[in-house]
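A structural walkthrough
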Amino acid sequence: MVNAVNVQMLKDQAQKLRIHSLKSTEASKSGHPTSCSSMAEIMSVLFYHVMRYKISAPRDPSSDRFILSKGHAAPILYAAWAEAGLFPTKELLNLRQLTSDLEGHPTPRLNFVDVATGSLGQGLSVAAGMAYVGKYFDKASYRTYCLIGDGESAEGSIWEALSFASHYKLDNLCAIFDINRLGQSEPTALQHNMEVYRKRVEAFGFNAIVVDGHDVEELVKAFHEAENTKGRPTAIIAKTFKGKNFPSIEDLENWHGKAITGAQGQDIIKHIQSLTKGHGQFERNIPKPIEDAPKVDITNVKLDTPPNYKLGLDGDTKNSTFADKIKGVDAKRFVEGFIAEQNIVGVAIGAACRDRTVAFVSAFAAFFSRAYDQIRMGAISQTNVNFVGSHCGVSIGEDGPSQMALEDLAMFRAIPGSTVFYPSDAVSTERAAELAANTKGICFIRTSRPNTPVIYANDEPLAIGKAKIVRSSGNDQALLIGAGITLHESLKAADILAKSGIHVRVMDPFTIKPIDKKAIIDNAVQTSGRIITVEDHYPEGGLGEAVLSAISEHPNLILRKIAVNEVPRSGKPEELLQMFGIDAQSIAKTTEDFIKN
């Protein structure tokens, strides 16, 4: 375990972390020193006694993982790594400066941070994803620790993550709840009712340990028990005090997110220094990781078998969810997240950390809106997670508007660094998955529910940002751009128009972000400058606006958007396509009017 000398060292180190948190937030004139202070002993025990990691390689595959879910306590995380020897402690005074990567909340700009935190309630899902990979894929010894604030435990995603971790018996996961009683503007709902916390966490299947979060010996014993508990994860529920050891501030309201400056700050630092009982420099005794994480190479991912379709045959099983088909290939690669979209997105972000897996998340595209905060935080975390959203648009039919994704293109286009695929047949869907697996950043693949014919040859080259012309002639009078269902309706519309002697060109953009600006402009110029976009999506932020942005600086092009312009209703797919003017007959009529007028 730990002897008396080491206990005192850990106590002293906790005080040193408090002082660093005070000084760094004073230097920046902003931050959360009281939130840091409540977890000082936890951080000391974790970083200098419990966790196994390499200072030389903070993200080493075999090292333990640590997620600070309460990201506003970033100063003490930075202090812990500095005191471990990763970088000079004087750099802590650059907190929140534009020229420093020590931001107000942690981001992976720092080599010791796996994911961005700060939008509360998300860390445990990420940690569960890491732990799942460690237990079932890597089958390695590393453990995952996640520190959670009591205020953020009001978020439902925390309880989704507890349920997930318990279901999969993630005994390599340890959740630490910092129960410091006070939220931002008032006490938390449960304050220090530790028994309620214990019962709730136990009800979710965790081994629950209630401790005095400022007692180093209790913490050491609790972490030892967590490491030796098999078959279920452990939650350490630590009773702490906000602003611990800050005279006239400890356990008082109205000190959240306030730097403590001037004479008051200096007096608190002197008081904390007086609590230090050890002598000499703190001796770092960081346990070395067990080097048993396998080498993983997730580059140059290829389809197991290339597309094998005959032109014109139904490709519906590739254009709907059917995610469970992976079970037939390898059941271990399928992770059931149940109806908890926020959590499963967080789990995927965790699973993708440290380049251990290529993660795909499959759901109805409409329900990714529930997890949008997790997705945007994934972008800040520089994650490489791929999202596959099915059942898009009114073409799903009778299920009605609650199930229809009509905002998803706008949502994913707004994510920084994202790639948005909108394949239109089985071949292009498979190629989109292959390309997404090899593309950095967040990728979204939008798939349709109805049966669609195969239009591409099995060996058709497809690339990100490269559109395809799927119908053309020498005297085309307009350029039709559709994707998914509306590409097929546009092809039918071209046939209808041809019977009247009107020829149009039809383009498949394949990716909506990046959009193929050059192909759009070149083909529009060749078709009298007329562009019609047709989309099974609301007009805001979708295909039409992506194309409009591409041609915005060209003076001789004009665009007409056809989209779903109001909240739809239940009905047969063909009825709904007609209702919103995105079926073949309606497209043909709109195009003819556009050309003639």
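Above this text sits the structure in question.
Everything numeric in this text was worked out from a predicted model, so none of it was measured.

What counts as what
Residues numbered from 1 in each chain as written. Predicted model: local features only at pLDDT ≥ 70, side-chain atom pairs only at ≥ 80, totals over all residues. Heavy atoms only, no water. Helix = DSSP H or I, 4+ residues; strand = E, 2+ residues; numbered from the N terminus. Rg over C-alpha atoms; globule rule 2.2 N^0.38 Å. Buried < 20%, exposed > 50% of the residue type's maximum accessible area, 1.4 Å probe, protein only. Contact = heavy atoms within 4.5 Å. Areas by Shrake-Rupley, 256 points an atom, 1.4 Å probe, with all protein chains shown as cover. Pairing = 2+ DSSP bridges. Axes fitted to C-alpha atoms, helices over the stretch in contact; angles between N-to-C directions. Left-handed = near helix turned anticlockwise from the far one by under 90°. Nonpolar A, V, L, I, M, F, W, Y, C, P; charged D, E, K, R; others polar. Phe/Tyr/Trp six-rings, centres within 6.5 Å; stacked < 30°, edge-to-face > 60°. Lys NZ or Arg CZ within 6 Å of the ring centre and 35° of its normal.

1. A few points about the overall build of the chain
- When you go through the chain residue by residue, the secondary structure sums to 19 helices and 15 strands.
- Over its C-alpha atoms the chain spans a radius of gyration of 28 Å, differing by no more than 12% from the 25 Å that the globule rule assigns to 597 residues.
- For the chain, the spread of C-alpha atoms along the principal axes amounts to about 95 × 50 × 40 Å.
- By residue count, 57% of the 597 residues in the chain fall in the buried class.
- Partitioning the intrachain contacts of the chain with sequence separation of at least 6 by distance along the chain shows that 80% fall at a separation of at least 24.
- Element-wise, carbon and sulfur atoms account for 48% of the exposed surface of the chain, whose accessible area totals about 24,400 Å².

2. Let's talk about the sheet that holds strand β10 (residues 468–471)
- Spatially, five strands are ordered β10-β12-β11-β14-β15 in an open sheet, and the strand pairing comes out mixed. Edge positions in the sheet fall to β10 and β15 (558–562), since each has one partner strand and no second. Neighbour to neighbour, the strand axes of the sheet diverge by 25° on average, direction disregarded.
- Across three bridges, the pairing between strand β11 (residues 479–482) and strand β12 (residues 505–508) is parallel. When the bridges of β12 are listed, Ile481 appears paired with Met507.

3. Digging into the packing of helix α3 (residues 40–50) against helix α4 (residues 74–84)
- Contact geometry for α3 and α4: axes closest at 10 Å, N-to-C directions at 35°. Handedness of the α3/α4 crossing: right-handed. Note on element contacts: α4 touches α3 through Ile76, Leu77, Ala79, Ala80, Trp81, Glu83 and Ala84, opposite Ala40, Met43, Phe47 and Tyr48.
- When grouped by side-chain class, the residues that make up the contact of α3 with α4 number ten nonpolar, no polar and one charged.

4. Remarks on the packing of aromatic side chains
- One pass over the full model with this rule turns up 21 aromatic pairs.
- Relative to Phe412, the ring of Phe387 lies with its centre 5.7 Å away and its plane at 45°, an arrangement referred to as tilted. With Phe387 in strand β7 (residues 386–390) and Phe412 in helix α13 (residues 408–413), this pair connects stretches of sequence that are 25 residues apart. Here Phe387 matches Phe412 in class, with each residue buried.
- Above the ring of Tyr142, the side-chain terminus of Arg65 is found at 3.6 Å from the ring centroid.
- A cation over an aromatic ring shows up here: Lys135 above the ring of Tyr136, its NZ or CZ 5.7 Å from the ring centre.

5. Quick notes on the environment of Leu435
- Along the chain, Leu435 turns up in helix α14 (residues 426–437).
- We classify Leu435 as partly exposed; its relative accessible area is 22%.
- Along the primary structure Leu435 and Val301 are separated by 134 residues, whereas in three dimensions their C-alpha atoms are 8.3 Å apart.
- Those residues within four positions of Leu435 in sequence are excluded, and the remaining contacts are Phe421, Leu462, Ala463, Ile464 and Phe510.

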